[in-house]
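Reading the structure
The primary structure of each chain is shown beneath.
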Amino acid sequence: MYTTDLSGKDRKKPAPSAAEDPALLAAFEARVANDEFIEPKDWMPEAYRRTLVRQISQHAHSEIVGMLPEGNWITRAPSLRRKAILLAKVQDEGGHGLYLYSAAETLGASREEMIEALHSGKAKYSTIFNYPTLTWADIGAIGWLVDGAAIMNQVPLQRTSYGPYARAMVRVCKEESFHQRQGYELTMALCAGSKEQKRMAQDALNRWWWPSLMMFGPPDDKSPNTEQSIRWRIKRETNDELRQRFVDVTVPQAEAIGLAVPDPALKWNEDCGHYDFGKIDWEEFYAVVRGEGQVAKERMQARVTAWEDGAWVRNAATTYSVKRAAAKVAAE
Ligand code: BYC
């Protein structure tokens, strides 16, 4: 049986669904503290459900919008091998979005509601996808840095307290690991190539480094959701903890291929065993969250157009399933 600590403890019987009362709340909190998974039919506080719908749907939107910057380069990949890799990766991201929308649906959110919230600008998605992909080296930087940051954040989510979200993350993390490696391998190839190719790789690192650090969210003392989400074991580590781990892992990777991280304040701190790094421009982060990112409008327009152009497919699938159900009833 799955549990969030993966240690095989037996799960208690699901609590009955009922109005929120202190005894149910105490039982729920005890289960979470005991590292048990909460499942869709279990009783849960309304605020826990809302927090999960918010985070999981934002996560799903990020995967779907995140297909756009890389999709932009599929037809311009420099070789068949690179094109096949990029196609597979972008397709994986679509799959991640679908598992995540399904996980949010188990909490009572409808797909239409979530999509409408994205298209109307009510729902957030990761700031990182509001930056443009200017050169082929950006595809390497996205895999290496953006998927690298994503996996740092998602590995702990395999042990998040909500079962469907945690289980979706197991497969997502396996795929993200391939994504990160293909991005680093692409960047390595550029660094081992001509001067101009190495310059492109450095330029991509310069543009994607700081936005990648922002992906982890605001600093802990400015993060309104972290404390409660950690208590409910939705988040297993804080934004700053994960950001620091990303910096510690990624700086040696840059050095190994001869790239310079664009941060003059970056310095190994012997005393604490971590890198110290410079100040993040939080004004830029909040501006991008507000929808002022360089390509934010373009991204949303692309999503709305895709949704509208795909209406006939959804209608055809719905009509077919109604016909099949009717035929099954008629045959019985
Ligand atoms: N961008 O209290 P906080 C991928 C918002 S895609 C925009 O710390 P929380 C990939 C936050 O929502 C993977 N908004 O919030 C795909 C909150 O606003 P609301 C994406 C952000 O939720 C394709 C407010 O700021 N990964 O891998 O405790 C190609 C205060 O923040 C951002 C996920 O979605 C941001 N970066 O923590 C390649 C991971 N950061 O909702 C790759 C799942 C914060 O209160 N999500 N905000 O209005 C999480 O782990 C958490 O939601 C976060 C934020 C760590 C992101």
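Please refer to the structure placed before this passage.
Calculation criteria
- Residues numbered from 1 in each chain as written.
- Predicted model: local features only at pLDDT ≥ 70, side-chain atom pairs only at ≥ 80, totals over all residues.
- Heavy atoms only, no water.
- Near = heavy atom within 4 Å.
- Polar contact = N/O pair within 3.5 Å; in protein donor to acceptor, adjacent residues only side chain to side chain.
- Helix = DSSP H or I, 4+ residues; strand = E, 2+ residues; numbered from the N terminus.
- Nonpolar A, V, L, I, M, F, W, Y, C, P; charged D, E, K, R; others polar.
- Salt bridge = Lys/Arg side-chain N within 4 Å of Asp/Glu carboxyl O.
- Buried < 20%, exposed > 50% of the residue type's maximum accessible area, 1.4 Å probe, protein only.
- Core = buried A, V, L, I, M, F, W, Y, C linked by side-chain atoms within 4.5 Å.
- Contact = heavy atoms within 4.5 Å.

**Remarks on the site of the ligand**
Taken together, 35 residues are adjacent to the ligand, and Gln58, Lys124, Ser223, Lys235 and Asn239 come closest. Here an oxygen atom of the ligand and a side-chain polar atom of Gln58 are 2.8 Å apart. For the ligand, a nitrogen atom lies 3.2 Å from a polar atom in the backbone of Met215. Listing elements by their share of the shell around the ligand, those giving two or more residues are α2 (46-65), α4 (80-105), α6 (137-157), α7 (163-191) and α11 (282-292). In terms of residue count, α2 provides more of the shell around the ligand than any other element does, 6 residues in total. Here the shell around the ligand is composed, by residue class, of 12 nonpolar, 14 polar and 9 charged.

**A look at the pattern of salt bridges**
As enumerated under the stated definition, the model contains 22 salt bridges in all. Residue Arg49 pairs with Glu46 through a salt bridge whose shortest N-O separation is 2.9 Å. In this pair, Arg49 and Glu46 are both assigned in helix α2, 3 residues apart and thus about one turn of the helix distant. Here Arg49 falls in the partly exposed class, since its relative accessible area comes to 25%. By relative accessible area, which is 34% here, Glu46 ends up partly exposed.

**Some details on the nonpolar core**
Tyr48, Ile56, Tyr162, Trp208 and Trp209 are the most contacted members of the largest nonpolar core, which has 77 residues in total. When residues in this core are grouped by element, the largest group, 10 residues, is from α6. Once residues within four sequence positions are removed from consideration, Tyr48 is found in contact with Phe28, Ile38, Ser161, Tyr162, Trp232 and Ile234.

**Points about unusual backbone geometry**
Positive phi, close to 60 degrees, is recorded for Asp35, a residue that is not glycine. Residue placement: Asp35 occurs in the loop between α1 (22-33) and α2. Exposure remark for Asp35: the relative accessible area of 12% places this residue in the buried category. Not every positive phi belongs to a glycine, and Arg233 is a case in point at roughly 60 degrees. You can see Arg233 is positioned in the loop between α9 (226-231) and α10 (239-256). For Arg233, a relative accessible area of 23% puts it in the partly exposed group.

By themselves these figures say nothing about function.
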